[in-house]
Amino acid sequence: MKWSLFLFTLILFSLSMTGCSQQEESCEAPAKKKIYNPNGDSELALLMRDMFDEGMRVKEAVESGKRPIPDWDADAMFTAHATQPEKVATPEFKAYAQAFLEAAKAMEDASPEAYRQSYQGMVKTCVACHQEVCPGPIVKINKMLLDESTGL
Ligand code: HEC
């Protein structure tokens, strides 16, 4: 009885480790991940998805000349539980998260002329962290970039 409980826990544990380890699969294809991760997605993954959706909304607004303030809880990056906690418990992760928050703040404070460019800079800080910790979603995040051949 106890032994099977132990096995069950072990299986759950190993299932929950799929996060960024098989980057292409688990960081990029949520549908697939659901199969491997019956416990649901991590807080950080949900937060990230939310930031992407909000980011695309912000992008559209920027493209039509507006200067939206993103409505996301980015500070929660520091505390949200991640699929692979050891990946976010590093000084590098914290430094990238800080750089992102500063870029987002700079965008909010940017002058109308500098707004597009500061939005673009902010997206690049998303990508910078991902290059280091979780490359899978980069293709998706790149969709948030404005077309630099127009209007920049
Ligand atoms: C400081 C590092 C860092 C920054 C900055 C960052 N991310 Fe992430 N992102 C991660 C990590 C780590 C994961 C994996 C989360 C997990 O599985 O627990 C992730 C996961 C994701 C995912 C996949 C979520 C899923 O469905 O599993 C998307 C999409 C994403 N991030 C988009 C973004 C966007 C958009 C930004 C900027 C607005 C951003 N990220 C900024 C570290 C970062």
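Structure: above.
Because the structure is a prediction, the values reported are computed rather than measured.

Cut-offs and rules
- Residues numbered from 1 in each chain as written.
- Predicted model: local features only at pLDDT ≥ 70, side-chain atom pairs only at ≥ 80, totals over all residues.
- Heavy atoms only, no water.
- Donors = N, O, S within 2.8 Å, 3.2 Å for Na, K, Ca; no water.
- Tetrahedral: all angles 85-135°; square planar, octahedral: opposite > 155°, others 65-115°.
- Helix = DSSP H or I, 4+ residues; strand = E, 2+ residues; numbered from the N terminus.
- Buried < 20%, exposed > 50% of the residue type's maximum accessible area, 1.4 Å probe, protein only.
- Phe/Tyr/Trp six-rings, centres within 6.5 Å; stacked < 30°, edge-to-face > 60°.
- Lys NZ or Arg CZ within 6 Å of the ring centre and 35° of its normal.
- Near = heavy atom within 4 Å.
- Polar contact = N/O pair within 3.5 Å; in protein donor to acceptor, adjacent residues only side chain to side chain.
- Patch = residues over 30% accessible without salt bridge, like charges linked within 9 Å, V, L, I, M, F, W, Y side chains within 5 Å.
- Areas by Shrake-Rupley, 256 points an atom, 1.4 Å probe, with all protein chains shown as cover.
- Salt bridge = Lys/Arg side-chain N within 4 Å of Asp/Glu carboxyl O.
- Lys, Arg positive; Asp, Glu negative; His and termini not counted.
- Charge placed at Lys NZ, Arg CZ, Asp CG, Glu CD.
- Expected span 1.5 Å × (residues − 1).
- Arc of directions from axis to C-beta.
- Contact = heavy atoms within 4.5 Å.

Trainee: Got a sec to walk through the coordination of the iron atom of the ligand? Specific residues and values, please.
Mentor: Only Met48 (SD) and His130 (NE2) from the protein coordinate the iron atom of the ligand, and they sit 2.0 to 2.2 Å from it. Seen from the iron atom of the ligand, its six donor atoms lie at angles of 84 to 180 degrees, and the figure they make is octahedral. One end of the pair, methionine 48, is in helix H4 (residues 43-63); the other, histidine 130, is in helix H7 (residues 115-133), with 82 residues separating them in the sequence. What makes methionine 48 partly exposed here is its relative accessible area of 25%. The class for histidine 130 is buried, based on a relative accessible area of 12%.

Trainee: Now, about the packing of aromatic side chains: what can you tell me, with residues and values included?
Mentor: One pass over the structure, following the stated rule, counts one aromatic pair. Between the aromatic rings of tryptophan 72 and phenylalanine 100, the centroid separation amounts to 5.7 Å while the plane-to-plane angle is 45 degrees, which identifies the pairing as tilted. Pair noted here: tryptophan 72 is in the loop between H4 and helix H5 (85-88) and phenylalanine 100 is in helix H6 (residues 91-109), with a separation of 28 residues, a long-range link. For the pair tryptophan 72 and phenylalanine 100, a shared accessibility class is recorded, and that class is buried. Stacked on the ring of phenylalanine 52, the Lys or Arg lysine 140 has its end atom at 4.8 Å from the ring centre.

Trainee: Any details on the site of the ligand? Residues and values, ideally.
Mentor: Around the ligand sit 26 residues in total, of which Met48, Thr83, Cys126, Cys129 and His130 are the nearest. For the ligand, an oxygen atom lies 2.6 Å from a polar atom in the side chain of arginine 49. Within the side chain of threonine 83, an N or O atom sits 2.5 Å from an oxygen atom of the ligand. Going through the elements one at a time, H4, H6 and H7 are the ones with two or more residues in the shell around the ligand. Broken down by element, the shell around the ligand gets its largest block of residues, six residues, from H4.

Trainee: Quick rundown of a negative patch on the surface? Include the residues and the values.
Mentor: A cluster of acidic side chains, namely Asp50, Asp53, Asp71, Asp73 and Asp75, defines a negative patch on the protein surface. Mapped onto the elements, aspartate 73 comes out in the loop between H4 and H5.

Trainee: Now, about H6: what can you tell me, with residues and values included?
Mentor: Owing to its 3.6 residues per turn, the α-helix brings residues three or four apart onto one side. Counted at 1.5 Å a residue, the expected span for H6 with its 19 residues is 27 Å, and the 27 Å between its end C-alpha atoms agrees. Buried within H6 are the following residues: Phe93, Ala97, Phe100, Leu101, Ala103, Ala104 and Met107. Summarising the axial view, the buried residues of H6 lie within an arc of 160 degrees, below the 170-degree limit, and thus occupy one face. Residues of H6 that are exposed and point more than 90 degrees away from the buried face comprise Pro91, Glu102 and Asp109. Residues of H6 that are buried make contact with H4, H5 and H7.

Remember, this is a structural readout, not a statement about activity or role.
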